Amino acid sequence: MTVKDIKKKIMYILGGTVLTEDFFWKNARFIITVFIIIVLYISNRYSCIEKMAKIESLQRELKDAKYESLTISAQLMGVSRESKVENLVQKNGVDLKQPKEPIYKLEKK
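A few points on the structure. As the structure is a prediction and not an experimental result, all values here were calculated from the model. (Residues numbered from 1 in each chain as written. Predicted model: local features only at pLDDT ≥ 70, side-chain atom pairs only at ≥ 80, totals over all residues. Heavy atoms only, no water.)

With that out of the way, let us pick up the overall build of the protein chain. Per the secondary structure count, the protein chain includes four helices and zero strands. Moving toward the C terminus, one meets the helices and strands of the protein chain in the order α-α-α-α. The C-alpha radius of gyration of the protein chain comes to 39 Å, more than 25% above the 13 Å expected for a compact globule of 109 residues. Along the first, second and third principal axes, the C-alpha set of the protein chain runs to 110 × 45 × 20 Å. Out of the 109 residues belonging to the protein chain, those deemed buried represent 3%. Total accessible area computed for the protein chain in this model is approximately 11500 Å², and 64% of it derives from carbon and sulfur atoms. (Helix = DSSP H or I, 4+ residues; strand = E, 2+ residues; numbered from the N terminus. Rg over C-alpha atoms; globule rule 2.2 N^0.38 Å. Buried < 20%, exposed > 50% of the residue type's maximum accessible area, 1.4 Å probe, protein only. Areas by Shrake-Rupley, 256 points an atom, 1.4 Å probe, with all protein chains shown as cover.)

As structure tokens, then:
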């Protein structure tokens, strides 16, 4: 093949003359169908990638919320210990004392 032949073929395709061939007119429906399927495939893939990114960000957010909840519950456990409560009661001058007798329940029979 010479350079001249290559230039003619390129101009044949880019000029649009190739679209006047019988092959393209006979298979126009098929070509359009394939093009539509390709467009749908690309849009579906893009949609899936977006959803996966959203799921990933929500999982990270959930993980952070779990850690925050764990931290808060640990702090609450530390503050509500009996010795801490006693110290706070004494420090603030509240007149409360720990009972010496054990607690018991009255049941109805």
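Attention shifts here to a nonpolar patch on the surface. Together, Met1, Ile6, Ile10, Tyr12, Ile13 and Leu14 make up a nonpolar patch on the protein surface, roughly 650 Å² of accessible area in all. As for its position among the elements, Tyr12 is in helix H1 (residues 3-14). Here Tyr12 falls in the partly exposed class, since its relative accessible area comes to 31%. (Patch = residues over 30% accessible without salt bridge, like charges linked within 9 Å, V, L, I, M, F, W, Y side chains within 5 Å. Salt bridge = Lys/Arg side-chain N within 4 Å of Asp/Glu carboxyl O.)

Inspection of the entire model under this criterion finds one salt bridge. Of the charged contacts, one joins Glu56 and Arg60 as a salt bridge, the two residues approaching to 3.9 Å between their closest N and O atoms. Taken as a pair, Glu56 and Arg60 lie in helix H3 (residues 28-79) at a separation of four residues, close to a single helical turn.

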